[in-house]
Amino acid sequence: MTAIDHDHGTSWDSLLTLWYGCARRRPPEAHGARPRKIAPLGTATTSTTERRHVRLLSVLGLAVGLAMLVASGVSAQQLPPAPGKPPVVRRNADGEIVVLPPPKITAAPQVKAQPAALPAAEAPPVYATPPVCAPKALTCIEAVGGSQAQRHVPLTVGQPFRAGDVPKGASLIAEDSRGGSLPVQIDQPATFADESLRFAVLSTVLPSLPAHGREIVNFFVGTPAGGTGTAVPTPDTKIEAVASVYAAQVSLITFGNRAGLTPGVPFLTGEQVTIALGDAPEDRYTLTISPDMAGGAHPTLRRIAETFLTLINQGRSFRAYKLGEGGGYENLWVTTREQPGRAFRVRFLYTGQAHLRASVLQEWQPSRRFVASAKAGDTAHAWLSGSVVSETTQTVPFVEEATGTPHPQLTARFAVRAYAGVRAVRVDTTVENAWTHEPGAGNLSYDMALLLDGAEAFRIRNVTHYHHARWHTVRWAGEAPTVHVRHNAPYLFKSRAVWNYNTRVAIPEAVLAAEEQALARADTGPMGAATITTYMPMTGGRSDIGPLPRWTALYLLTQDRRAKALMLANADAGGGAPIHFRDRQTDQPISLERHPNLFLVPGQPGPDAIPAMSNADTPWAPDVSHQPSLAYVPYLVTGDKYYLDELMFWANWTVGVHRPEYRGGGLGLLTDEQIRGQAWGLRGLGEAAHALPDRHPMKGYFARILANNLGWYVNTYPRNPDRLATSPLGWVEKNDAIGVTGPWQNDFLAIVIGWLAETGEPLAAEYFRWLSRATVGRWTHEAHGYCRAQAPAYYIKIRGPDNRFIADWGELHRLNWPEVRGCSGAITEGFPNAPTGYVAVSLAMLAVAADQGVDGAAAAYNRLRQDTAMTFATDPTWAIVPRQSTDSGGPHGVDAAVR
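If you're wondering where the values come from, they're calculated on a predicted model, not measured in any experiment.

1. A look at the overall build of the protein chain
Thought 1: Summing up its helical and strand segments, the protein chain has 20 helices and 32 strands in all.
Thought 2: For the protein chain, with 899 residues in total, the buried portion stands at 59%.
Thought 3: When contacts within the protein chain are restricted to residue pairs at least 6 apart in sequence, those whose partners lie at least 24 apart make up 75%.
Thought 4: A total accessible area of about 34,800 Å² is found for the protein chain, and carbon and sulfur atoms account for 53% of it.

Next up, the structure:
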């Protein structure tokens, strides 16, 4: 079972998608509309039609969502596996994890036979065993070889460090498992406030690696013997990317003229509709309207569009497709099957009264040949530099061969890496369509070949490169090494670069096999989405919603090759999202400080507007409130610059997609976002601020935006002198519903704020203490009248009839559950046994709160863990545990694992 969105259930989601899709093709965020601001008490507010839609959706979502949760409980897909026999795990045709329950048990589903804080009856698989570091090593990595023996095996990895472990002035030395000295090079360091090492890119070269062999590389704090040696020279590898850029005609056909929920002129049963594409008789497609297609509302129009899609795709000359939310509903995109094809006209042969429209989104243009070349002597920037490895990056335009004119959008970035004593050269080629203010932007179509020293290393055909998107491919000039690097996961958790996942969770082999199968079925080519949900506002079963995506948690706990492959594939796929806005002047993600009036939505009016685009439809609908962390952990473990740029792009878009007047211009505030959006947006800012090297030109920028946000939170909540303006119990109110909050969304925010506090942000620690009043308090105030059974509720009211915030826990419970007389022991809300339910989210929050020293958090965590029968074996998204805790099983967590 994949991670739940923690919004309305899937049935309500279907209704909401239908309703809202009738009103518009994109959610409010996609067009820049913002949810209603909360006005001070006693003041009048105004609202546009856009905000009335959002308010209505909020009320409907609250009412129907609550009714469904109370009436229906947990759906069959949400039921966790029963304790006892292990579950059967597979993926369905849509790539979603399906957990088939074992035979029924006689015990009631809420009863757990043998409570235990951490289930550890099953021995962890061999792949989950961390590399065994040398006794005095700070940490280590393990290199696992391929099917052939190898000599001079290059390794470059990212490595986070715990504060103080590598103090200022200290360095690292490396040894193999036999104590032999290995060269080690340290690049792109990021440091803590005390100037100890936070993160660095580490490189070495193994003398040899047997077939399927394993070699431990131990890292010690110390001073390397001898000098630094001669820097590895930049290789003279000739690199060319050759693109045949064309524009196939793309026409949009729209059936009917509905206006939101209001049907248009209907199609009638028995009417015939013929679409003629071009002039050939065989390219006429005729449909007779059946009774289930008759009408002028959304469902019937969509059926007509989908039927014509099938008819057209049965022909030989044209291809039809659908894009976006709901597949574009009544819209159908048509182009020639052969690319770039030819220009064509669209005609309708129809005598009825319903409306049919056709418009050309992209005019046909013939193919033109462009070349991007990396040449010795051109300006190159060093990423890695030393006696072990050098890596330089070059940014070059694609230049038209016939005219010598650079393409206005298409750009290549070549990262060339060479190791001492290694003949092969690594080339990471990135192709971008990402300039922010360049006119004429839009989707591009091309064929492309990558040539290394004249030999073809990579080729793609008929790719549609989305606007403000990028893709990359890594190829080797020479024989590529075959090696899988496993990090010491306990030390990764100990570094606090990520949350403390439970190292005792044993991931079944079937889960990893399912991940491998899902990746094999996925589109991982340029602009492919891998297994990412491209329509991010979608609720329901999701693998990407959580502190880190499910696939990343699986990788961290297992260090398995298959889990890593899926994680990196999804990080690569994130490049296809249209959220990449680069400044041509700085060659960095565009700064909102330098452009305080910039709104990262093309075609919107304003003093710093991004040009509009005619051909801009993509399958993506990014959404801050459902944004996954795609590139952070990939950068932490690989040190690849591509992933560092990705996490910057996503963090910057998270802020810039809000209108300047809502985010405070260059301050970059996220406070107008939904509570969950604030959580995931702050996570992205924290990832960028902490991972960026100290000397990176964007380091201070992201650190300042993060500080601006944390400063706003402490001034608005714990330091606010107006005690009537905030909840005395510590609740964060929904922006679009006065007097209402989602406890689970508060948990999301607390989990992120607690992590930021762990990483050394003092303002985060101050805000977390205020926030924990509510997130922890609802689990610890049963003696004061707030029952634990209702703690994982969906939405609750936090203001009384007089519009004042409730200040008493008993009163708060009576306001929301007036029918409850006394507290029962069983937790019935929040899917208590599901690893993706609200109770699982609360467990993670309580673990973080326990590490922050919040009173009662550790005890609340232990009690809640014992009250549930959930296991995180198939989905460890929320399997976060306190770093140090004592229960019936003794100390657990990362510190126990390290010992």
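2. Considerations on the pairing of strand S9 (residues 197-209)
Thought 1: Counting buried positions over the 13 residues of S9 gives eleven, a clear majority of the element.
Thought 2: With five bridges connecting them, strand S8 (residues 185-191) and S9 associate as antiparallel partners. Residue pairing across strands places aspartate 187 opposite valine 201, the latter belonging to S9.
Thought 3: A loop of five residues connects S8 with S9, the two strands running antiparallel in sequence, and glutamate 195 in this loop sits at a positive phi of about 70°.

3. What to know about the sheet that holds strand S5 (residues 150-160)
Thought 1: Strand order across the open sheet formed by three strands is S5-S9-S8, with antiparallel pairing between neighbours. Each edge of the sheet is formed by a strand with only one pairing partner; in this case those strands are S5 and S8. Shown here is a sheet whose adjacent strand axes are inclined to one another by a mean of 15°, direction ignored.
Thought 2: Here S5 pairs with S9 via ten bridges, running antiparallel. Considered in S9, the bridge of valine 153 is made with leucine 206.

4. Observations regarding the packing of aromatic side chains
Thought 1: Within the structure shown, the criterion is met by 30 aromatic pairs.
Thought 2: On the basis of an interplanar angle of 35° and a centroid distance of 5.1 Å, the ring pair of tryptophan 499 and tryptophan 755 is categorised as tilted. On the criterion of sequence distance, the pair formed by tryptophan 499 in the loop between helix H5 (489-494) and helix H6 (509-521) and tryptophan 755 in helix H14 (residues 743-758) is long-range, its members being 256 residues apart. In this pair, the class of tryptophan 499 matches that of tryptophan 755, namely buried.
Thought 3: Clustering of aromatic rings is evident, with ring pairs tying together Trp680, Trp744, Phe748, Tyr794, Tyr795, Phe831, Tyr838 and Trp878.
Thought 4: In this structure, arginine 258 packs its charged tip against the face of tyrosine 329, placed 5.7 Å from the ring centre.
Thought 5: In this structure, arginine 799 is placed above the aromatic ring of phenylalanine 805, and the distance from its NZ or CZ to the ring centre is 4.0 Å.

5. Thoughts on the pattern of salt bridges
Thought 1: The tally for this structure, following the rule as stated, stands at 39 salt bridges.
Thought 2: For arginine 368, the salt bridge goes to glutamate 400, with nearest N and O atoms at 3.0 Å. Taken together, the positions of arginine 368 in strand S19 (residues 365-374) and glutamate 400 in strand S21 (residues 389-400) put the pair 32 residues apart, joining distant regions of the chain.
Thought 3: Arginine 368 gets classed as partly exposed once you look at its relative accessible area, which sits at 35%.
Thought 4: A relative accessible area of 10% places glutamate 400 in the buried class.
Thought 5: In this structure, the salt-bridge partner of aspartate 587 is arginine 413, at a minimum N-O distance of 2.7 Å. Placement of the pair is aspartate 587 in the loop between helix H8 (561-573) and helix H9 (632-638) and arginine 413 in strand S22 (residues 406-419), with a sequence separation of 174 residues.
Thought 6: A single network of salt bridges, built from pairs that share partners, joins Arg413, Glu432, Arg470, Arg582, Asp587, Lys641, Asp645 and Glu646.

6. With respect to the environment of phenylalanine 220
Thought 1: Turning to its location among the elements, phenylalanine 220 is positioned in strand S10 (residues 214-222).
Thought 2: Among the residues examined, phenylalanine 220 registers a relative accessible area of 14% and is labelled buried.
Thought 3: C-alpha separation for the pair phenylalanine 220 and threonine 139, spaced 81 residues apart in sequence, amounts to 7.4 Å.
Thought 4: Once you skip the residues sitting within four places of it in the chain, phenylalanine 220 turns out to touch Ala134, Lys136, Ala137, Leu138, Ser171, Leu172, Ile173 and Glu175.

7. Describing the packing of H14 against helix H15 (residues 762-775)
Angle between the axes and distance between the axes are the two parameters that describe a pair of packed helices.
Thought 1: H15 packs onto H14 with a crossing angle of 150° between their chain directions and a minimal axis gap of 9 Å. On the basis of their axis angle, the class for H14 and H15 is roughly antiparallel. Crossing handedness for the pair H14 and H15: left-handed. Of H15, the residues touching H14 (which contributes Asn746, Asp747, Leu749, Ala750, Ile753, Gly754, Leu756 and Ala757) are Ala764, Ala765, Tyr767, Phe768, Leu771 and Thr775.

8. Quick notes on the sheet that holds strand S4 (residues 139-145)
Thought 1: What the five strands build is an open sheet, ordered S7-S6-S10-S4-S27; its pairing is antiparallel. Strands with a single pairing partner mark the edges of an open sheet, and in this sheet they are strand S7 (181-182) and strand S27 (483-487).
Thought 2: Across two bridges, strand S6 (residues 171-176) lies against S7 in antiparallel orientation. Note that in S7 the partner of alanine 174 across the bridge is leucine 182.

9. Some words on the confidence of the model for the protein chain
Thought 1: Of all residues in the protein chain, 83% attain a pLDDT of 70 or more, and the chain-wide mean is 85.
Thought 2: Overall, residues 6-126 carries pLDDT values under 50, and its contacts beyond four positions in sequence, including any with other chains, amount to 206 contacts.
Thought 3: Within the model, the stretch residues 886-899 combines pLDDT values under 50 with 34 contacts to residues more than four positions away or in other chains.

10. Thoughts on the side chain of glutamine 678
Thought 1: Checked against the element boundaries, glutamine 678 lands in helix H12 (residues 675-691).
Thought 2: Once residues within four sequence positions are removed from consideration, glutamine 678 is found in contact with Leu670, Thr671, Glu673, Tyr713, Asn735 and Leu749.

11. Side note on the environment of proline 832
Thought 1: Among the structural elements, proline 832 can be located in the loop between helix H17 (809-816) and helix H18 (838-851).
Thought 2: The exposure class assigned to proline 832 is buried, which follows from its relative accessible area of 4%.
Thought 3: Distance from proline 832 to leucine 864, taken between C-alpha atoms, is 9.4 Å for residues 32 residues apart in sequence.

12. What about unusual backbone geometry?
Thought 1: Looking along the chain, the bond that leaves glutamine 339 and enters proline 340 is cis, with omega of 0°.
Thought 2: When you line up the elements, proline 340 lands in the loop between strand S16 (331-336) and strand S17 (346-349).
Thought 3: Notably, aspartate 587 is not glycine yet its phi reads approximately 65°, a positive angle.

Definitions and limits used
- Residues numbered from 1 in each chain as written.
- Predicted model: local features only at pLDDT ≥ 70, side-chain atom pairs only at ≥ 80, totals over all residues.
- Heavy atoms only, no water.
- Helix = DSSP H or I, 4+ residues; strand = E, 2+ residues; numbered from the N terminus.
- Buried < 20%, exposed > 50% of the residue type's maximum accessible area, 1.4 Å probe, protein only.
- Contact = heavy atoms within 4.5 Å.
- Areas by Shrake-Rupley, 256 points an atom, 1.4 Å probe, with all protein chains shown as cover.
- Pairing = 2+ DSSP bridges.
- Axes fitted to C-alpha atoms, helices over the stretch in contact; angles between N-to-C directions.
- Phe/Tyr/Trp six-rings, centres within 6.5 Å; stacked < 30°, edge-to-face > 60°.
- Lys NZ or Arg CZ within 6 Å of the ring centre and 35° of its normal.
- Salt bridge = Lys/Arg side-chain N within 4 Å of Asp/Glu carboxyl O.
- Parallel < 35°, antiparallel > 145°, perpendicular 65-115°, else oblique.
- Left-handed = near helix turned anticlockwise from the far one by under 90°.
- pLDDT = per-residue confidence, 0-100.

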